[in-house]
Amino acid sequence: MFSDLPWWLINTVVAVVLLALGATLALWGLTWHERTRRRVKELEDRRSLLQNLVRSIPDLVWLKDTDGVYLACNAPFERFFGAAEADIVGKTDADFVSPEQAVFFRENDFLAMTSGQPHTNEEWLTFAGSTERRLFETIKSPMLDRQGEVVGVLGVSRDITEREKAAQELQRLRHHLTELVDERTRQLADLAESLRRAHAEQKTIVDAVPVGIGLLKDRHVVYGNQYLDQMFGFEPGGMIGRPTRVWYPDDAAHEAGGQKVYESLFKGETHWREEQLIRQDGTLFWARITARLIDPGDPAKGVLGIMEDISVERATMDALRSAKEAAEATNRLKSAFLANMSHEIRTPMNAIIGLTHLALATPQGDIQHGYLQKIQGAGQHLLGIVNDVLDLSKIESGKLELERLRVDIAQILRDVHAQLIDKADAKGLALHLHIDPELPAHLMGDGLRIGQVLLNFGSNAVKFTEYGRVDLSVQVQARTERDVTLRFEVRDTGIGLTEAEQAQLFQSFQQADVSTTRQYGGTGLGLAISRHLAEQMGGAVSVSSQRGQGSVFLFTLRLECADAAGLVQSAPHVHDALDDAGPHRPAPGDPRVPVPTSLSEARDALQALHGTRVLVVEDNELNRLLAGELLRGVGLTVDFAHNGRQAVDRLAQVDAGIHTDYGLVFMDMQMPVMDGLDATRLIRQLPGRERLPIVAMTANAMVEDSERCRAAGMNDYISKPFSPQALWVLLQRWVVPKA
């Protein structure tokens, strides 16, 4: 049909068709090339994001083929082998680690590839160039192609060394706390069967904490690992595309969390916080959140977020806090019990010891005199036990305070010798004293506690020696311009000790054996207290002994040399003064003020105070009787008040001129109606009573008691039971002699 058309027309049509076809093909080719370019760019961008993500992970990440040849790794893994990724790729473990470790790595690779499931194990690794071994948790997962065939293995190793150390430390703390609680329970059970402590064992659970890693854009999850899904209760991949709102309990928490994160990120900072989040099933848990921009220069690339479930850590801290509170509560109960026990025992003991002292000063037959002496000795022994218990309590609570005063070591030994000589003579023992001629006249230290250690050693030596002798000695072991090291020694010819007995000798509530306790008596506290005192003073104690051949107790101590200018000698061991010196007399223990040793000496020494009126504020009738007899015995006039309210009223009346003024007030602490502390505060508010000497005379003997007395406005402190000498010293110190 085209034969009738002109040839030129046919050629023109053909040309036009060919040109149109060519243009169409050209346009299609350009479009295909552009689509391919965009697709390649998208793939490269995604690959770049994934590479950045992997490199941002602090864990070791690597990829091997089925032959164990490395295909890729991140920067932390490069540090492990000490080589760049380019030098690692194409090589195997055998090129970098020992044959044994390479075989171990390869066996775990096979376990993951053959099981088709991720394989987890813990292993100790040493980074190249380092000698430190670190514990890592490694997860190896098989890599599959589109047909489901294994083509390699992906490995991730996390350093869990610090977590393991933390677990061990928490376990150690728990064990230590349990030991402390058990020890307190045992001690309280020994002291009083009626006191029991409810102890709830605290269990610390430390386990591996999974970490979730997510890539976020516009507060939506664009990538998340399996731990992130598991943490929030989603199926693998179930969080992809979801908004971060699903992490938060409510909209307000979601808004606040986002504001905190982006305020930090836009400043170029890494955000860190702990917050309570919610799982898909509605349960809450605590998480530690760390977030930073993938590219600080381009926030649109997204945010890398890391989350740790710290619920166990929070629970552990709560458990430790509860255990600490339980231990503190136990100590408070113990302190309250000991304070109450001390008060209840000291109050009647004050009457027993004091009235026995008064009775001994009256005429009586030999039998009655012997009875009274035995009562007095038993009372002093019981007082020693109570003081030991309180000293141990102070040591354990860290409230035993040491003095640093000028002391005469030779005089301390002579005092100890004087206190032991009667007991030694009664047993027919020779008691010798040896003082190094090189011993300085005065040193700096706590004379009371030094004497306490030596008296304890000496008392034990006399107690456990039936025949022979006991020697007390001090030697200068070393000397410098600033200090002197002394070696105190108490040697006896007594029953001696075995090595096993020596090993437990300085422990609380311990004696050589049960038969020793039955035969000789004692609580086993004295030597334990001596060890604590020596150590607190910077010294040490030890014993050398053989069974049946006697013992040698040693006490070494370094003391600073005294500067003679402007120092006050330490007070005698009769009471604890709250102030350094009274307003009218030198401090007790000053060599210019001799301490009376008998009632006749006291009357002479206190003659200038005769007729002075003193007020005794005491609710206990026997203690009022005792104080009145002792004070009237040295020529003083005594008035009584049965409680703090009566004392305040009486002193207020004195101001009105109804009664003669008082030179001194002895104030009990625990009384009905009004206690001594409140009464003292009110007395200090009375006109003219601001400087009236007020001395606490109380059975409360804890450290806190003296501090409370000082805070209330008292001037001094004497604990019951007290010796007459202690009372006379206080009178010398505080009462103004009559003109």
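Fair warning: this is a prediction, and the values are worked out from it, not measured in the lab.

Peer 1: Just checking my understanding: could you explain the overall build of the protein for this structure?
Peer 2: Secondary structure summary: the protein contains 20 helices and 22 strands in total. Long-range pairs, those at least 24 residues apart, make up 62% of the contacts in the protein between residues at least 6 apart in sequence.

Peer 1: Would you mind showing me how to read the pairing of strand β9 (residues 284-293) here?
Peer 2: Put simply, side chains in a regular strand alternate between the two faces of the sheet. With 8 bridges joining them, strand β8 (residues 271-278) and β9 adopt antiparallel strand pairing. The residue bridging Glu274 from the neighbouring strand is Arg288, located in β9. Taking the residues that link successive antiparallel strands as the turn, the β8-β9 hairpin has 5 residues, and the phi of Gly282 there is positive, at about 95°.

Peer 1: Sorry, what's going on with the packing of aromatic side chains here?
Peer 2: The geometry of an aromatic ring pair comes down to the distance between the two centres and the angle between the two planes. A complete count under the given rule lists 15 aromatic pairs for this structure. Look at Tyr70 and Phe81: their rings are 5.7 Å apart centre to centre, the planes differ by 85°, and that puts the pair in the edge-to-face class. On the criterion of sequence distance, the pair formed by Tyr70 in strand β2 (residues 70-73) and Phe81 in helix α2 (residues 75-81) is long-range, its members being 11 residues apart. Owing to a relative accessible area of 2%, Tyr70 belongs among the buried residues under this scheme. Measuring from centroid to centroid gives 4.8 Å for Phe77 and Phe81, while their planes differ by 65°, and the two rings are edge-to-face.

Peer 1: Explanation requested: a nonpolar patch on the surface in the structure shown.
Peer 2: A cluster of nonpolar side chains, contributed by Met143, Val151 and Leu154, occupies part of the molecular surface with about 200 Å² of accessible area. Judged by relative accessible area, which is 40%, Val151 ranks as partly exposed.

Peer 1: Would you take a moment to explain empty space enclosed by the protein for this structure?
Peer 2: Where empty space is left in the structure can be found by rolling a water-sized probe over the atoms. All told, the structure shown has 8 cavities of 30 Å³ or more when counted by the stated rule. In this structure, the largest cavity spans a volume of roughly 170 Å³. Residue lining of the largest cavity: 17 residues in total, with Leu216, Thr244, Trp247, Tyr248 and Val261 positioned closest to the centre. The set of elements that each furnish at least two residues to the lining of the largest cavity consists of α7 (251-265), β9 and β10 (303-309).

Peer 1: Looking at this model, I keep getting lost on the packing of helix α10 (residues 409-426) against helix α11 (residues 447-463). Mind explaining?
Peer 2: If you want to describe how two helices pack, look at the angle between their axes and the distance between the axes. Interhelical geometry of α10 versus α11 gives an angle of 30° and a closest axis separation of 10 Å. It follows from the interaxial angle that α10 and α11 lie roughly parallel. For α10 against α11, the interelement crossing comes out right-handed. Listed contacts from α11 to Ile409, Ile412, Leu413, Val416, Gln419, Leu420, Lys423 and Ala424 of α10 are Gly447, Ile450, Gly451, Leu454, Leu455, Gly458, Ser459 and Val462. Residues that form the contact of α10 with α11 fall into these classes: 10 nonpolar, 5 polar and 1 charged.

Peer 1: It is not clear to me how the sheet that holds strand β21 (residues 694-698) should be interpreted in this structure. Could you clarify?
Peer 2: Two modes of strand pairing occur in sheets, parallel and antiparallel, and in both the strands are linked by backbone hydrogen bonds. The 5 strands lie next to each other as β19-β18-β20-β21-β22, forming an open sheet whose pairing is parallel. For this open sheet the edge positions go to β19 (637-641) and β22 (716-719), each flanked by a neighbour on one side alone. When strand polarity is set aside, the average angle formed by the axes of neighbouring strands in this sheet is 20°. Strand direction decides the pairing type here: strand β18 (residues 613-617) and β19, joined by 5 bridges, are parallel.

Peer 1: What is the right way to look at unusual backbone geometry in this model?
Peer 2: Glycine aside, residues mostly have negative phi angles, and peptide bonds mostly take the trans form. Of note, the bond from Lys720 into Pro721 is cis; its omega dihedral lies within 30 degrees of zero at -10°. Along the polypeptide, Pro721 turns up in the loop between β22 and α20 (724-734). Look at Arg219: it is not a glycine, yet its phi comes out positive at around 60°. Summarising the element assignment, Arg219 is placed in the loop between β6 (211-217) and β7 (220-224).

Peer 1: Is there a simple way to explain the pattern of salt bridges in this structure?
Peer 2: Counted according to the given criterion, the structure contains 35 salt bridges. Taking the shortest distance from any N to any O, the salt bridge between Asp318 and Arg321 comes out at 2.7 Å. Pair noted here: Asp318 and Arg321 are both in helix α8 (residues 311-360), with a separation of 3 residues, about one helical turn. The exposure class of Asp318 is partly exposed, given its relative accessible area of 40%. A salt bridge links Asp661 to Arg689; the shortest N-O distance between them is 2.8 Å. With Asp661 in the loop between α17 (644-655) and β20 (664-667) and Arg689 in the loop between α18 (676-684) and β21, this residue pair connects regions lying 28 residues apart in the sequence. What emerges from the salt-bridge pattern is a single network uniting Lys64, Asp93, Arg106, Asp109 and Lys140.

Peer 1: Any chance you could explain the side chain of Asp716 here in plain terms?
Peer 2: Within the element layout of this structure, Asp716 appears in strand β22. Side-chain polar atoms of Asp716 contact the side chain of Trp734, separated by 2.8 Å.

Peer 1: Would you take a moment to explain the sheet that holds strand β5 (residues 150-159) for this structure?
Peer 2: Spatial strand order, β2-β1-β5-β4-β3: 5 strands in an open sheet with antiparallel pairing. Each edge of the open sheet carries a strand with a single partner, namely β2 and β3 (119-126). Direction aside, neighbouring strands of the sheet carry axes that sit 25° apart on average. As judged from the 9 bridges shared by strand β4 (residues 133-144) and β5, these two strands associate in the antiparallel manner. Pairing of Phe136 across the sheet is with Asp159, part of β5. Seen against the sheet, helix α4 (residues 99-115) touches β1 (60-65), β3, β4 and β5 and runs at an angle of roughly 165° to β3.

The rules behind these values
Residues numbered from 1 in each chain as written. Predicted model: local features only at pLDDT ≥ 70, side-chain atom pairs only at ≥ 80, totals over all residues. Heavy atoms only, no water. Helix = DSSP H or I, 4+ residues; strand = E, 2+ residues; numbered from the N terminus. Contact = heavy atoms within 4.5 Å. Pairing = 2+ DSSP bridges. Phe/Tyr/Trp six-rings, centres within 6.5 Å; stacked < 30°, edge-to-face > 60°. Buried < 20%, exposed > 50% of the residue type's maximum accessible area, 1.4 Å probe, protein only. Patch = residues over 30% accessible without salt bridge, like charges linked within 9 Å, V, L, I, M, F, W, Y side chains within 5 Å. Areas by Shrake-Rupley, 256 points an atom, 1.4 Å probe, with all protein chains shown as cover. Salt bridge = Lys/Arg side-chain N within 4 Å of Asp/Glu carboxyl O. 1 Å grid on protein atoms, 1.4 Å probe; cavity = no way out; pocket = protein on both sides within 12 Å on 5 of 7 lines; lining within 4 Å. Points joined across faces, edges and corners; volume = space filled by probe spheres on them. Axes fitted to C-alpha atoms, helices over the stretch in contact; angles between N-to-C directions. Parallel < 35°, antiparallel > 145°, perpendicular 65-115°, else oblique. Left-handed = near helix turned anticlockwise from the far one by under 90°. Nonpolar A, V, L, I, M, F, W, Y, C, P; charged D, E, K, R; others polar. Polar contact = N/O pair within 3.5 Å; in protein donor to acceptor, adjacent residues only side chain to side chain.

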